[in-house]
Amino acid sequence: MGSCAGLVLLAASVGCSKELDIPQNGVLSQDDYYSNDEEAESAISTVYSAWRSRTENTFSVLETLSDDVSKGGTNVNFFPNWRQRNSYTHNSGNEGFATFFTDSYKLIYYCNLVIEKLAGDTPVQQRCIAEAKFFRALTYSYIVALWGENAPLVDHLLTSDEYHVTNAENGAIWALVEKDLTEAIPVLPSKSGKNDKSITRITKEAAEAVLGKAYMWQSKYDKAVTEFEKVIGSGLYDLWDGDYEMLLHVEANQCCEKVLEVIVPDDPANYEANRISTMNSRWTYFGWALNQKYQLTDDAKAKFVNGDEYMPPREGLYKAFKAEEDAFALDAANMKDRFHATLRTVWELAEEGVTLKSDMPDHDYYMNWKTRLLMTDLMGGKPMGQRGVKNQYINVCYIRYSDVLLLAAEAYAKLGSNQAKADEYLNKVRTRAGLGFKSATLDAVKLERRLELCFEANRYLDLIRWQRVDGTHDAYNALKDQGKETYNIKVTKAGNGFTYERVVADTNPDAGFKEGKHELFPFPQSEMEVNGNFLKQNPGW
């Protein structure tokens, strides 16, 4: 383990043992020894910053690979690497994969630095080491999910003779993930109650949830249930009882449902630094392109903020919501239920004072309401800076309590050991969503996860997990035709309003998910060019 000094992920011009020799604000020198609590806090601050800074790419890569969204955008030629991922025509040179790979191993390097350099002889240092172990485990969980168990394993600071990357042995990375989390959990703090917002660091329960997810990826469902039940039984988390349409907005920052989230301070004086550190332009990508494509009423202008219109909902997602609404809605007229709090049609959006007025490329009839851009989400309550749209202070959530409940329901369903618990957890989420009772079959839980967690970087991971771990064809069935046809919304002026028609804009018979290839990411081409004699590429690439 740890033979990885040649990784391009650290720098093209220096070995990874030298990467931090480059002077950078907030970055630590590997040669320094951190002997007191102040230096320990500085060291772990670098880890937190590295985690926050990769948020934008994490979400954009995982969402564009899902069957929930199109690539979108106001210009079909923008972000070609996104379009390649969304249509499964990408190759090992895709920029998003390379950035994900590089950022992941940089974060692991910072974690290794903290773990090895701190003495751990004070409570503060012990907590910092535990946090570093958490982030190393979290990062490796993503790496295995995306590149597989044979991705490089770097579990220590590298020596000068470790120059070339090799593939890890099966099971080795998961063993490190389990060890790191098991050692971190007893040291990490817990909230004092459901509504405690004083803790802005990683909690014990977040680590338990991540460990439960790691067990799900290994078919260790009995152990997964144990970890999820610890989070549930803690009594420190619950489903938020506010308006569902505000769940991913400032109003719900650090609410009782958020188990793991990136904290974004409301600091107008330093908004640019905060935006960069959290890459909160994720929200801008989802927002409607109001300035270019819509006409707004005065009320709408005061409420909504301009965005880029990337990753709009696909028709398949809308139909899944609609079918469940038609069959199980407790109040079909409720526009605050989960269905309408997540998606709106182009016609429903016009009823909110936001009317599409010109053709929209790579788009079905549906608009993202769940992550719409609101004036109330902006630092200082108004747009600031370049383009005036990137100063949101919405915390970016990685794990919600509903995610934990649904994973526990899935694990119980697979074990066949406690149907009552599976039903309870599934229907707790469904009741909040405005839907009637449903037995927690695997198909029911899978559908609920799609509806509840859409646009939160979970769908692709679920599809791949079910295909790779359970031996199903979930990913293939959902993604085999993705990108074969691309649609535009054609807008025609009609009197005082507009009519809309979805038209085929492009076809590509070679697009779509291929079994035996797309179950794993390719190792980046830049990495293979340097380490191709030592690192074996994933199948199909």
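Because the structure is predicted, anything quoted here is derived from the model rather than measured.

### Here we look at helix 1 (residues 37–53)
An α-helical segment advances 3.6 residues per turn. Residues three or four places apart therefore align on the same side.
Reasoning step 1: The end-to-end C-alpha distance of helix 1, which contains 17 residues, comes to 24 Å, matching closely the 24 Å that a straight helix rising 1.5 Å per residue would cover.
Reasoning step 2: Here helix 1 has its buried residues at A40, A43, I44, T46, V47, Y48, A50 and W51.
Reasoning step 3: Its buried side turned inward, helix 1 meets helix 2 (55–64), helix 4 (95–117), helix 5 (123–147), strand 1 (258–262) and strand 6 (396–400).
Reasoning step 4: Measuring from the side-chain oxygen of the N-cap residue of helix 1 to the backbone nitrogen of E38 gives 3.1 Å; that N-cap residue is N36.

### Quick word on helix 18 (residues 442–453)
Reasoning step 1: With 12 residues, helix 18 ought to run about 16 Å at 1.5 Å a step, and its terminal C-alpha atoms sit 16 Å apart, in line with that.
Reasoning step 2: Buried residues dominate helix 18, accounting for nine of its 12 residues.
Reasoning step 3: Taken together, the buried positions of helix 18 are occupied by A444, V445, K446, E448, R449, R450, L451, E452 and L453.
Reasoning step 4: F455 sits one or two positions beyond helix 18 and adopts a positive phi of about 70 degrees.

### Describing empty space enclosed by the protein
Reasoning step 1: Under the defined criterion, the tally for this structure stands at five cavities of 30 Å³ or more.
Reasoning step 2: Estimated volume of the largest cavity: approximately 310 Å³.
Reasoning step 3: Lining the largest cavity are 23 residues, with Y142, K213, W217, N458 and L461 sitting closest to its centre.
Reasoning step 4: Put simply, the parts of the chain that give the lining of the largest cavity at least two residues each are helix 2, helix 5, helix 7 (204–217), strand 6 and helix 19 (459–470).

### Section: the confidence of the model for the chain
Reasoning step 1: On average, residues of the chain score 90 in pLDDT, and 89% of them are at 70 or above.
Reasoning step 2: Low pLDDT, under 50, characterises residues 1–6; the stretch is placed with 34 contacts to residues that sit more than four places away or in other chains.
Reasoning step 3: Here residues 8–28 is modelled with pLDDT under 50, and outside its nearest four sequence neighbours on either side it reaches 42 contacts, counting other chains as well.

### Examining the environment of H340
Reasoning step 1: Position of H340 among the secondary structure elements: in helix 14 (residues 338–342).
Reasoning step 2: Exposure remark for H340: the relative accessible area of 6% places this residue in the buried category.
Reasoning step 3: Taking the C-alpha atoms as reference, H340 lies 8.2 Å from E245; in sequence the two are 95 residues apart.
Reasoning step 4: Contact partners of H340, with chain neighbours within four places excluded, come to E325, A332, N334, M335, E348 and W369.
Reasoning step 5: At a separation of 3.4 Å, a polar atom in the side chain of H340 contacts the main-chain carbonyl oxygen of N334.
Reasoning step 6: At 2.9 Å, the side chain of H340 forms a polar contact with the side chain of D337.

### Topic: the pattern of salt bridges
Reasoning step 1: Summed over the entire model, instances satisfying the criterion amount to 44 salt bridges.
Reasoning step 2: The closest approach of N and O atoms between D238 and K194, which form a salt bridge, is 3.1 Å. With a gap of 44 residues between them, D238 in the loop between helix 8 (221–233) and strand 1 and K194 in the loop between helix 6 (172–184) and helix 7 connect regions that are remote in the sequence.
Reasoning step 3: Between R432 and E257 there is a salt bridge, and its shortest N-O distance comes to 2.9 Å. Of this pair, R432 sits in helix 17 (residues 419–433) while E257 sits in the loop between helix 8 and strand 1, and the two are 175 residues apart along the sequence.
Reasoning step 4: Given a relative accessible area of 0%, E257 falls into the buried group.

### Focus: the pairing of strand 6
For a regular strand, side-chain orientation follows a simple rule: the groups alternate between the two sheet faces.
Reasoning step 1: Burial analysis of strand 6 places five of its five residues in the buried class, the great majority of the element.
Reasoning step 2: As defined by bridge partners, strand 1 adjoins strand 6 across four bridges and the pair is classed as antiparallel. Residue V262 lies in a different strand from strand 6, and its bridge partner there is V396.

### Quick word on unusual backbone geometry
Reasoning step 1: The phi dihedral of S219 falls on the positive side, at around 65 degrees, and the residue is not glycine.
Reasoning step 2: Position of S219 relative to the elements: it lies in the loop between helix 7 and helix 8.
Reasoning step 3: Even without a glycine there, the phi angle at M311 is positive, about 55 degrees.
Reasoning step 4: In this structure, M311 sits in the loop between helix 12 (298–303) and helix 13 (315–328).

### Focus on the nonpolar core
Reasoning step 1: Counting residues in each nonpolar core, the largest one holds 111 residues, and the members touching the most others are W51, F134, F135, Y140, W147, L260 and Y460.
Reasoning step 2: Top element by residues in this core is helix 5. It accounts for 15 residues.
Reasoning step 3: Those residues in contact with L260 that sit more than four places away from it in its chain are W51, F134, L138, I202, A206, V396, C397, Y398 and I399.
Reasoning step 4: In terms of nonpolar packing, the next biggest core, distinct from the first, is built from 42 residues, F304, M360, M367 and Y500 among them.

### Some thoughts on the environment of D337
Reasoning step 1: With respect to the secondary-structure elements, D337 resides in the loop between helix 13 and helix 14.
Reasoning step 2: Expressed as a C-alpha distance, the spacing of D337 and A433, which sit 96 residues apart in the sequence, is 5.8 Å.

### Thoughts on the packing of helix 7 against helix 8
Reasoning step 1: In contact at an axis separation of 8 Å, helix 7 and helix 8 are set at 160 degrees when each is read in the N-to-C sense. Of the possible angle classes, the one that applies to helix 7 and helix 8 is roughly antiparallel. In the crossing of helix 7 with helix 8, the sense of the turn from one axis to the other is left-handed. Along the contact surface, helix 7 presents E205, E208, A209, L211, G212, K213, Y215 and M216, while helix 8 presents Y221, K223, A224, E227, F228, K230 and V231.

What counts as what
Residues numbered from 1 in each chain as written. Predicted model: local features only at pLDDT ≥ 70, side-chain atom pairs only at ≥ 80, totals over all residues. Heavy atoms only, no water. Helix = DSSP H or I, 4+ residues; strand = E, 2+ residues; numbered from the N terminus. Expected span 1.5 Å × (residues − 1). Buried < 20%, exposed > 50% of the residue type's maximum accessible area, 1.4 Å probe, protein only. Contact = heavy atoms within 4.5 Å. Polar contact = N/O pair within 3.5 Å; in protein donor to acceptor, adjacent residues only side chain to side chain. 1 Å grid on protein atoms, 1.4 Å probe; cavity = no way out; pocket = protein on both sides within 12 Å on 5 of 7 lines; lining within 4 Å. Points joined across faces, edges and corners; volume = space filled by probe spheres on them. pLDDT = per-residue confidence, 0-100. Salt bridge = Lys/Arg side-chain N within 4 Å of Asp/Glu carboxyl O. Pairing = 2+ DSSP bridges. Core = buried A, V, L, I, M, F, W, Y, C linked by side-chain atoms within 4.5 Å. Axes fitted to C-alpha atoms, helices over the stretch in contact; angles between N-to-C directions. Parallel < 35°, antiparallel > 145°, perpendicular 65-115°, else oblique. Left-handed = near helix turned anticlockwise from the far one by under 90°.

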